[in-house]
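# Observations on the model geometry
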Amino acid sequence: MASFTFEDTRQHLQLVSSEEATGELKLFVPCYRRIPSSDGQHPSSSSAPSQDTPLRFDPVEPSDFEAHVANQMANLELGPLQDLVDFPKDDVEVILSPREYRTVNPAVPDNWNNLTPQVRSCVETYTRNWLTVTRRYQKYCNGSRRKGLNLPHQVFECDESFNVEKQSFQSSVATQADELQTEAPEFFIQSLLQPTDLQEVDRRNEIMRKSGRLADLFTLYPPPVEEEAVNHRALPQTPCEQLEQRLQINFLEFKFEIEIEPFFLILALYDLKERRKISENFYLDLNSGEFRDVMQAETEFHCYFRKAIFSISQPSSEIYLVIKVEKVLQQGSIADCVDPYVTIKENETAKSKEKIGKLRFQATSFCQRLSLYRMPFAWAAVDLMTLISNRGSQSSLDRESAVAGSGSEMRSRSVDKYNILPFGTVQHSLSTFNKQEEDKLSDEDLMKFITDEKKPSPLLRRLRKIPGVFRFEVTVVKETPSCCFTPDFLELKSSNNENSELALEVLEFPQPGLSTPYTIYRNLLYVYPQFLNLTNRQISARNITVKIQFMGSEKTNRALPVIFGKSGHPEYVKESYTPVAYHSRSPLFYEEVKIKLPPDLTKDHHLLFTFYHINCQPKQSQDCPEVPLGYSWLSILDNGQLRCGTFELPICLDKLPFPYSVTSTSVPGLKWLDNRKAVFKLELRPVSTVHTQDRNLEQFFTLCEAVDERRSLVHQAEMLSQAVSMLKLVRLEELAQFLNVVLDKLLPLLLLSSGMGAEGAPVCKEIFEVLIVIVDRLHSSEEVKKDLLGRSHYLASYVYYVFSMPVLQESRVTESEKYATLKPEAAAVLRRIRLRSISDPAIQPLKSTELKVRGGSPKQSKLFHEELAYCIVFTSGQMRDKIYRHLWFFFQLLIKSMSQYLSDMDLWNSPPKRRFSEGFSGIVYTVVNIGTEFVKHQDAEITEVTNLSLGFFLNDLLSLMDRGFVLRLICHHHKELLDTAVTQPHLHDRRIDFLRVVCSHEHFVTLNLPLASSFQTQEGNECEKDAAGQDSVSLSRKFRQQHFLVGLLLEEIADGLRADSGRLIRREAVSLLHSLLASHDKDLRLWNPEVKEKVAALYLPLLGIALSALPQLQKLSDSDRSKLNARHSNPRNVTSLIFTSPVALTPPSASTNRYSTPITGFSSPGSAMSTEVMQTLLHCFLWVLKNADEATVKGWMLRLPMQQLLSFLELLDLCVSNFEYEGQPSTEQISSYVYRKSRDMKVRLEETIFGTTGARREMMKRREYPGIDRLFPGVSVGLQEKLRWRKDLTQWRQSVDKNKSKLELQQEALIGGNLTMETNLIVLDTLELVIQQCSSMPEFKPVVAAVLKVLIHSLCCNQSTLYLQNCFNTQRAVVAKFLDVLFDEDSEHCTDLCLLLLQRCMSRFESTRLQASASLYLLMRQSYRVHFPRMKMYITLSLASLAEKISNQDEHCLQKSLGIILTYLETDRAMKGTDFPTQVEELIRNLKAVSGDTVKLHEYLKDVDMQIDLMYRIAKCLQNYLDLRLMWLRNIAMKHVERKRFAEAAHCLVHSAALVAEYLSRVEGSVHLPMGSVSFQRISINVLEESLVCDEVFSMEREGICTGNSFSEEGLLEFLDEAVELFNRAECFEAVYEIYKLVIPIAEFHRNIKKLSVIHGNLKETFDLILSKDNKRMFGTFFRVGFYGSLFGELDGQEYVYKEPGITNLVEISARLQEFYKMQFGRDHVEVLKDSLPVKKENLDPSKGYLQITYVEPYFEEYELKNRVAYYERNSNLRRFIYSTPYTLNGRAHGELSQQYKRKTILTTLHAFPYIKTRISIIERQEINLRPIEAVIEDMQKKTHELAQATSGSPPNMKLLQMVLQGSVGTTVNQGPLEVAQVFLSEIPDDPKLFRHHNKLRICFKDFLKRCENALKKNKSLITSEQLEYQRELERNYEALEHNLQPFINRRIPHLYVTTRL
């Protein structure tokens, strides 16, 4: 650390002599030397960071403020700007206000006569009125953020309330959003289509934008409370009693089970943790009127308190409410008295009632005779903290977190402390009491019992429990109840006027070491008798009591009525008796005697103790029960000081003579017990605010009163020196208690000593040093409260309220004229003589004033503020260091004394330059410069408060002195810190803090001369005005001189925003700007728009500063872009859908911490700007744009070069990104927040418990310095971001360190929504200004394009419905003016705009859909003549890009919007005669189809077949948009690959290749390429559909269509190669050959021999596979599936042919489909029809869905079979399928063979299999009915064919052959053919039409037998010897079958043959 040293007084004399010679005071800067700090070394200059270079701006001196003000005041036409010229006349007020008291009457001594000077001075201090200095207009800049903002509810679609899964579409919020009074579509579009002048459109749009705007922008984005705390000093607490946490206990009921006698309760609080009693006794009498009558001997009115208010300043976990029960003394021990209450039950038996009656009679007799005497009976204890904590919301005892206290208060004491949180009324009832033990009456015994009660103890088992009831309730005291009294029996003021029971405040005994300054008069003494030992045989006494009296003199009748009475007794009594311990000769006492001490204590006042034996039974010879035993006494004062502590006294046995000496117990002739042995022990505890317990402080008070002017100056100086030396030895606790009194005496002594000439100079120095020591001790103590600025609460309160210097002399004006609120009767308080003095006799006075000293000789002196300033300057050494550590105190004394001086001398109306002498200005200049040197050269950790103190001092001086002079002081301090910051980096932070404090002045705007520029340019020519305008928006030298403080701030910001600047400085500077602009918004004086423009003009250079910082801002946004992509998962977020994002700048999502950017400090040359700083800077930037004069802003933009103007627009775009609305918190986010909050609170609690944090430690940790990387090498430099005034988690952003409820989070969302709206409207206003300037620009296209870019970005963000209405208005106006720019070939704005308009057409709100539909329609209308084909293409492409992101609700809204567009089309009469309506209608139909099918994709996520159908339909709708069709075909192929349907996936690629080939054929027409899709028809006949693309599409290549790599020769080959691979996997080898036939010409054309070699090699392998796997390949199985029922939606009534994998039976597909649809619709709602008969819907249950599944086979005509020879040919290009259905004529499916008919159904599909789908709809059905014989013939032919195939197989398949044989000739099976023959061949048919069928069947049987014979022979040649028996069995069966069939085979039809022969 550093210490300052000075030379001797010769330097001082030289200083003053120079003043006399030159007439001015030169700067006196002391020499200093650096002393190495023991804590650490400062970084050397060589290690200074390279980026801390001086500012780029030359330093300037401020203009002459007072001269400017004088010039401006001459202008009488300022109007509302008049208040900006100078400070108001009533700026500062010195107010004498009545002191506030809690009581109805102030606490003052009863008798003011004969008061000692010490008591009188204390009472005067406690009753003096408060003198305060107030700056009336400071409230305008110190006001906090307004509560209960009445903000309009902005509706956003992104809020959780619009989630379609949780709320229906017709929500109440949607209704609210449509309250924009939107017109019907037809009227709305008519207003837009009417020919209107564009200027009129702009005017209407501007009126709409400006209506309902928020005036104060920073209401929505205020600086955090922590940020504002450093700007302002919190108002000190008023000097009054500190009542922190209070509990009110209402006592409801007390009784034992049997009621015999009255009982009396004594209650007090005990802290078992500290093992002490913490409150005085509260006496409670809850006896019934009957028992009170027994006790009451007098009719005097007595008070019964039934409510007690306990104060607990230091709550702990072990505070107990102890209840002691007493009763009237009676004969018998405590055990005897307790026994009836334990053994007897009320109303139990007649005998018990008799006993109770006797006991009541005895008790009555004892009460009448011994009512003055008590005896202990029982006790109980209640754990008060546990009681209330169990009823609190969470816990009524909350361990204090890192920073204790509230508001600006902070307690530096890091001990375990508990806060009593608010809780409801808690009722408690005690049911048992403990019997009091006679020998365990002390507090120590009691606390031991309570401690043992928590754990098992044998001692407690012996305690007898007394049943009873004691009910009470506990509440937290929120306001003083009515009829409440203080511990001094003074009635309290109360706002509650209801009559209630009496309440009494119970005095708290504070913990030693924790003291607060006394502020009220209180003079009490507590006497505690403790022990008496009368075991000596000289006295025979057992029932002993002690009578205590407070005596005013030695006369026996002079006992004073100053003892406080108990409840039910008079207010004050003369005597008090201790309870009696029955038959105890050495009793213990627990009595507390409370005495109100007289204010005029003398040596005669003493305590008299009289000891009595009490006869419990009456004696005939003695009426009084008292038997005197002895006497003792104790004087109150000991050498003039109030006694305190424990005393042991002897007992005098003789009756006291008169007079007796109270100062000594050595009175001769008296008899003493045990030879004067001390047998009586007691304790005295004074609680006095006028008598100190510190002898040094007592002597100080005494010596101060002894100093007077009648003695010589030397003698006075000696006494002053002796008095002051006493203060150095005073204990801190006593010093704090009497602080106000001590300072009231010490400060006048400073003046008194300075007026003593040379004799008083050393004393003056000593007095000032003692003052410094007192201030330092109070700040150094951990027990003393301090605020966030490190100021002692006690000192701050004294200076603000109590301190008042005497008046210089009797003035001509009255005191009531000096002070605004001073009443005439209070004027006498200030009518004193203000002393003037001089510190050094060699120094001449600054101002000549006469003061008569010692016989009237005049003496010259200085004023108090001058003397104080001199003392500060000429203090040296360590004392100087202490001064500047606690400079705030001396500066506030200085400011208040200066203010009083101006009021006394009536100088407020004088010019500020003439208020103080030039010499005093020189002193101030010196003080400030010494402070600057201290800040520059002292260690960082000790100069923070000093620097702030200098700032506050100069801030105050601006209201008192010459403002130009003070501004120069500010300039000097700022410049010195700036120059030294190169080697001391922490001075950057000090400089910003200093500037923050100085700029917080309430007249900050006036101090910056806001009218200076306008006055100077009023008379100039146009060139001069233009130059002045340029100066007003740039940080020129002239600007910084005229607007000095703003110039300093903007310099700091401009320097901090440089890329090489430290991040800490940047943040602090921007934060200061934020606070200033927020204070302007809160200032009601500046709400006039004309005034606001002038204020905003001061900050116009910020526009250029922000513009220059754009690269850094963009760099930050680019670095965060990856974090922001997470939010693109929201399908309603338009930003994720933009093809080319405008700037790709969006704020973090709600789930991302916006302040999580890596942090660097001073030492990082490339410190990146944090997101927080960027947002704050941009908000300030927008504030300037909002409030600045439009003409000035337009002129500034017009002068910008083109590139800078484009950068300005990028900056506006950045503003849109950073203030995007984040949405209301969801339920899950709130739950997560609560969890994080509880977790954070747990961590903070642990830190507090284990001492790792605390208020003081937190204060020190709030600021990190660049040296941290040197002091702590392991700590990251990023920790330097932990600044003192963090605002990471506060205000409208969602923060995690405040206890926020759901309602608070929703309120923040409301504020955030309004913030987003207002910031975007400001951007919109600015864009309109830019557009207005475009007409005068030679090159306007780049500017318009940039404007469109910002507009589109704004539309794509989360915006409110009201803003969107304004934005759409602007968008339409811009497009109308610059349509060609929108359709510029190099621009993608048209695509983006179409995309956004379609997105907004999906809005939930009709108003937004109406606007978006209008914009989209007008866009199509405006582009019709030239760009309409492109327009249609862009719209379709945009909708296609949205396809996978829209929901069912979005599609519903889109359909409505498209309907609105059709309404617009019908209304548009101007376009009726064109083909525009037709084209629009076609486009709308196409859009509806695409959107509808796209939405259904989300509904059928599990239905893959339906998904593929929908994707196919979408691709079909996009037939003319080749890129999109290829994309969807690719998507379908991927779906097929996932399902391992490789043939279908290959056909998707074949279709893609055909489409590319079609494009290449029409565009290029190369010979070696395929001739369009026709070339692919040998692969699939379906490919021809790709030739249906309209010719118009191929002419739009230049429009961006077909520009991908797919539409090239390479793309074609890529599709074909992929198709080959998939065909191979599907075993479709023949298709591979066909593809290679297309590829080979291309390879031959390019002479690609390598490619050809590969192709032919592949072909060889393909052919080999065909040969080896020809008939073994399984190409698929086909099923017909019909859907019936409304459950299936659009599938209802549809029939499809499904292609399933090769081996799939009917059961498998039926089970799969049935299970799928049952899962979708419910198991009871889906059925499968078991037959294949035609379905009649009228017979079906409408609530169910029905499936009909039938196996089908490919069907070929005879001619087809001739062309489909190969196995592959019969399994490809299949469109016709067949299935058979048996039936009978009676309706049954099966019957006799003769009646069994068959129906053959032939189905034709829309496309041929395989196709790009696995199911194809059936478009044609053909049915063929077969008669029974025809059906049998078909079956026999099929069986014969199977035998032929099994026999002719090569190589033969023996197993298959035997299986077919067994099925043909087996003993069981061969009955089937035999039966057929018997039915159809046994007789000749009657119907001639059947003759041919009869003959055909006979031939079939012959063929069948022949095939069976051949099969038997084949099998015989194949079997082994083991199967010979099996062969013989087959042969026997065959022979039997042949034998039985021969008669039927050989029978012929004669008529048939005859006919044939004919």
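Residues numbered from 1 in each chain as written. Predicted model: local features only at pLDDT ≥ 70, side-chain atom pairs only at ≥ 80, totals over all residues. Heavy atoms only, no water.

### Looking at the pairing of strand β34 (residues 1677-1684)
Buried residues dominate β34, accounting for 8 of its 8 residues. Side chains T1677, F1679, V1681 and F1683 of β34 all project onto a buried face; the interleaved residues F1678, R1680, G1682 and Y1684 project onto the opposite face, where all are buried too. Examined bridge by bridge, β34 and strand β35 (residues 1695-1700) share 6 bridges and lie antiparallel to one another. Paired with G1682 across the bridge in β35 is E1695. Summarising the sheet, β34 and strand β37 (residues 1745-1754) pair through 7 bridges and their orientation is antiparallel. Within the sheet, the bridge partner assigned to G1682 lies in β37 and is Q1748. (Buried < 20%, exposed > 50% of the residue type's maximum accessible area, 1.4 Å probe, protein only. Helix = DSSP H or I, 4+ residues; strand = E, 2+ residues; numbered from the N terminus. Pairing = 2+ DSSP bridges.)

### Overview of the pattern of salt bridges
Evaluated as defined, the whole model comprises 90 salt bridges. Linking E1909 and K1913 is a salt bridge whose minimum nitrogen-to-oxygen distance equals 3.6 Å. With E1909 and K1913 both in helix α65 (residues 1891-1918) and 4 residues apart, the pair spans about one turn of that helix. Under the relative-accessibility criterion, K1913 is labelled exposed at 52%. Among the charged side chains, a salt-bridge network with shared partners connects R209, K210, R213, K1186, E1190, E1318, D1325 and E1328. (Salt bridge = Lys/Arg side-chain N within 4 Å of Asp/Glu carboxyl O.)

### A short note on helix α3 (residues 117-127)
Inspection of α3 places Q118, V119, S121, C122, V123, T125 and Y126 among the buried residues, and these make up the whole buried set. The inward-facing, buried residues of α3 abut α15 (695-706) and α18 (739-754). (Contact = heavy atoms within 4.5 Å.)

### Let's talk about the sheet that holds strand β20 (residues 544-551)
The strand order β23-β20-β25-β26 describes an open sheet built from 4 strands, whose pairing is antiparallel. Looking at which strands have only one partner, the edges of the open sheet turn out to be β23 (575-577) and β26 (626-635). Sheet twist, expressed as the mean angle between neighbouring strand axes with direction ignored, is 20°. Direction of pairing for strand β25 (residues 606-614) relative to β26: antiparallel, over a ladder of 9 bridges. Across the sheet, the residue bridging to L608 is W633, located in β26. (Axes fitted to C-alpha atoms, helices over the stretch in contact; angles between N-to-C directions.)

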